[in-house]
Amino acid sequence: MNDTELRKQLELCMGCGYCRDAYGDEGWLESLKTKHVCPVREILGFDSYTAKGRILLGKAILEEEIPMTPTARSIFYQCTLCGNCEAHCISRGLPFVPSDLKVREIIRYFREKIIEDGLEIPKAYQRIAFNLKQTGNVFGERQKRPRMPYLEENKDASIMYFAGCMVSYRESQVLEALNNVCKKLNLKIGILPEELCCGNVLLRTGQIEVAKSLMESNKNHLNEAGFKILVTSCPGCFSALKNEYPKYEFKLNFEVQHITEYFSNLPQLKDFLKNSKPIKVTYHDPCELGRLNKIFLQPRKILQTIPNVQLIEPFRSQLNAWCCGAGAGVQAAYPDLSKKIAFDRYKELKDTAPDCIITACPNCVHSLSQFGQIMDIIEIIERYII
Amino acid sequence: MILTQIEDTYHILKEIVGVDNISIDPAILWAYSKDSSILEPKLPEMVIRPGSVEEISNILKIANEKKIPIIPSGGRSSLCGAGYSLKGGGIILDLTRMTTVNITEDGLNVEVEAGCTFSKLGFELKKQNLTIGPPGPFSAFSATIGGGLSVNTYSNYGANLYGVPSEKILSLEVVLPSGQIIQTGSAANPNAKPIFRYCNGPDFAGLFLGSHGTLGIITKASFRVENRHSEEAHYDPVFDTIESCTQCAIELTKTRYTGMIMQFAPIFYKQSGLDIRAKGGGLLVNVFGEPQNIEYRKQTIEKIISKYTDMTTDTFAPIFNAKDYQKYRAWCCVNGRWAEIAGFLPFSQVTDYVKKVEEFMHKNKDLINKTSLIPQFGAIYTLNCVNIFVLLLVYDIDEEHFEASRLLVKNLTDDLLDFGISPYWIGKAYSRAVFSRLRPEYVQLYQMIKKLLDPNGIMNPGMFEILEVGKA
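Only a predicted model underlies this, so the values are computations on that prediction, with no experimental measurement involved. (Residues numbered from 1 in each chain as written. Chains lettered and ligands numbered in written order. Predicted model: local features only at pLDDT ≥ 70, side-chain atom pairs only at ≥ 80, totals over all residues. Heavy atoms only, no water.)

**Focus on the pattern of salt bridges**
Pairing is possible between side chains of opposite charge, provided their charged atoms come close. A complete count under the given rule lists 32 salt bridges over all chains for this structure. When the shortest N-O distance is used, the salt bridge between Lys410(B) and Asp414(B) registers 3.0 Å. In this pair, Lys410(B) and Asp414(B) are both assigned in helix H15 (residues 399-419), 4 residues apart and thus about one turn of the helix distant. In this structure Asp414(B) comes out as buried when scored by relative accessible area, which is 16%. In this structure, Asp414(B) and Arg437(B) form a salt bridge, with 3.4 Å as the shortest nitrogen-oxygen distance. Note that Asp414(B) is positioned in helix H15 and Arg437(B) in the loop between helix H16 (427-435) and helix H17 (440-453), a separation of 23 residues in sequence. A single salt-bridge network, built from bridges that share partners, covers Arg20(A), Asp21(A), Arg41(A), Glu42(A), Asp47(A) and Arg76(B). (Salt bridge = Lys/Arg side-chain N within 4 Å of Asp/Glu carboxyl O. Helix = DSSP H or I, 4+ residues; strand = E, 2+ residues; numbered from the N terminus. Buried < 20%, exposed > 50% of the residue type's maximum accessible area, 1.4 Å probe, protein only.)

In structure tokens, the structure reads:
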């Protein structure tokens, strides 16, 4: 977004405050089944942390009414980019009619500007960039991955799995589950021997130049591998590869799919799922998968394919879903804030009294698991596969 | 305040509300610099998020002693210039931490803290199949009870059957500028519940309703509640003449079967390209009922409508069935800035009002064409009168055009006030135009009350010029 576009964007906000609260269920507003809108504002309290607050601050900074102080920077950084404010924004329409007001882009603009102007960024972001330069993953760990014999056998397959940093280094049970599911279903899905971070966290924390060099390496590395479809469990990797790479003109010569898209279109899946005793599950919509990429139905279709699984929706789901608190670098830089948001969401998911809480994002699994067991969708498939 | 005074005050008030609920950081303060009106932003010096009436009382005692301006604030979603520091400086009291809702056991009343939004109140009441009737303004998601009552907010939905939110008030809890906490109506007796408004002497609730935070801070309100209707039907007839449209609306209102009647001027349909047949404009009619009576009510309403027109559109009903937002977007899209001029008229003046606004549009055609301003106007029928509205949607951020738009808003406001509308909200945006037309005795009474309750003039300075120290 350039300066002119930004100024136009800032003027689109009519200041109604629907980015703060939107208790639905009243009269003709019934379909807005939510309560509060901004998870960060609900923890930190001041309206400065709503989209409206950030927009007013952004305008003041552009008009040089106020410099980009450390507090101003923290206001732009303490946002998970969950997009709930955009989903409920009334500018140019009613909620759920796509708004022209791109709050996430506005916040990203200011994050990029902070870097451009050479201002200090949270140490955690500096560390992530350092780690990526040194090791190619956000955790700064030596390149390793649990051995996945079946996936590794298929290194020449036309479908390749992109594990991403979180699955490779923190939530490796997701990879193990995928390995086992693919083996049982005899799916020809491979995994590359080496992988670099997709760069999503850099893009979302404004570190564009480091991200570009990573994207360039990934483009060359992945395009050379010659597969046709890349599937990933991580909505961050999915979104970066599918949306951000083309935006920055890193053309990829393969299709990018989220794992839920792939499995929901797999006709033989239902034939391999065994009957079991009835269980109740609830599903947490990851923000980047749901609100950002509109993948709501596919994970639900998979869950409904499993015999005797009853899906109970949490109070806020799909477009209204509450964030897990991990997004856009918030978990790394502001762990306390992130944990409080995650707890709010965990409580709400538990309110459905489920036997299992399911999601389709390793970052959400990581965040929500602080309070109890959370399963990635591939793990529940693994549990019920014959 | 000078810098040292701000810091001193900050340290004192921090002890009352806790460090997490107070800020003098400009980066935090900018979020509190504006409402939804077309007025320019102004920065306060401090924002506090009190958690209780006692905290507010203690804050006001200190502010009054130090003569520091206090600006109570809720959702800041108003279109009239309210809820933020209109002169710059001072302390914003953001009441949105105070959101408790208590429904009485008998399900007939509800007590709600001022920072609760109208939509949260509706949400809690709905759990018991209750409603206050008018569910709040168009900005009900973010507009708070305290803010709404302070500007005498309106509610389109339900107004035709229940009136406006302020009419449902039983009792208010208010903190005076001195820090004293008062209860109005029955709750003035500490042994009594807040269940009745007109007792224990004068109706003091009425003093604070619509006072725009100039006399004290509303911290709690008790409303009378109703059972929610379970059935609803929608009609959107259009008419050959404005007269027939208005007459139909009046007759429908008298049935008391309708929860909402909105009348839209012919120009509205032309601009939207929705129905060129509507030479006399059209209505959106919502019928409220229960399973046992809805069919009879529908027949009655249909019979009345058929006396005046045989033309209907499918323009609005689906929207209010919450099924088709796209159509709503087609006519209600807003883009950054808008102004609304609204106020009450008797039913008998609706036709003249529509003609008057059309005349104004025609007379100012060149100026309107020069700007990106798109006027849309109509009327909402309440129990015994109509609330007319003119929405001026400003589609251009060009400052020159925007200034021209402001001029149009001002001129139209003047014209309509001279015509006799009584605006329910005033705010900074319309205060000069409104108060200059009121009877001097009325303004003097307001000034005397202000002087009595707020001798240091700390409450919401800049809101109404007539109340400024020296003028009062």
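**Observations concerning a nonpolar patch on the surface**
Residues and elements named next belong to chain B. A grouping of Ile 195, Phe 196 and Tyr 198 is seen on the molecular surface, where their side chains present a nonpolar patch of about 340 Å² in accessible area. Within the fold, Tyr 198 resides in the loop between strand E9 (181-183) and helix H7 (205-208). Taking the relative accessible area as the measure of exposure, Tyr 198 reaches 55% and is therefore exposed. (Patch = residues over 30% accessible without salt bridge, like charges linked within 9 Å, V, L, I, M, F, W, Y side chains within 5 Å. Areas by Shrake-Rupley, 256 points an atom, 1.4 Å probe, with all protein chains shown as cover.)

**Re the sheet that holds strand E3 (residues 229-232) of chain A**
All names here are of chain A. Within the open sheet, the 4 strands sit side by side as E2-E1-E3-E4. Their pairing is parallel. What marks the edges here is a single partner per strand, and that holds for strand E2 (189-191) and strand E4 (255-258). With strand direction ignored, the average angle separating the axes of adjacent strands in the sheet is 35 degrees. Where strand E1 (residues 159-162) meets E2, 3 bridges bridge the pair, whose relative direction is parallel. (Pairing = 2+ DSSP bridges. Axes fitted to C-alpha atoms, helices over the stretch in contact; angles between N-to-C directions.)

**What about H17(B)?**
Working note: α-helix, 3.6 residues per turn, so residues spaced by three or four point in the same direction. Residues and elements named next belong to chain B. The end-to-end C-alpha distance of H17, which contains 14 residues, comes to 20 Å, matching closely the 20 Å that a straight helix rising 1.5 Å per residue would cover. Where H17 is concerned, the buried positions are Val 443, Tyr 446, Gln 447 and Lys 450. Along H17, the residues classed as buried sweep out an arc of 100 degrees about the axis, all on the same side. The outward face of H17, more than 90 degrees from its buried face, is lined by the exposed residues Glu 441, Met 448 and Leu 452. (Expected span 1.5 Å × (residues − 1). Arc of directions from axis to C-beta.)

**Considering the confidence of the model for chain A**
Looking at chain A, pLDDT values average 92 and 95% of them are 70 or higher. For the stretch residues 26-30 of chain A, pLDDT sits under 50, and the model shows 18 contacts to residues farther than four places along the chain or on other chains. (pLDDT = per-residue confidence, 0-100. Contact = heavy atoms within 4.5 Å.)

**Description of the packing of helix H8 (residues 242-255) of chain B against helix H13 (residues 350-363) of chain B**
All names here are of chain B. At a closest axis distance of 9 Å, the pairing of H8 and H13 adopts a crossing angle of 140 degrees. On the basis of their axis angle, the class for H8 and H13 is oblique. The element H8 and its partner H13 pack so that their crossing is right-handed. Packed against H8, whose contacting residues are Ile 242, Glu 243 and Thr 246, the element H13 presents Val 350, Thr 351, Val 354, Lys 355 and Glu 358 at the interface. For the contact of H8 with H13, the class distribution of residues is 3 nonpolar, 2 polar and 3 charged. (Parallel < 35°, antiparallel > 145°, perpendicular 65-115°, else oblique. Left-handed = near helix turned anticlockwise from the far one by under 90°. Nonpolar A, V, L, I, M, F, W, Y, C, P; charged D, E, K, R; others polar.)

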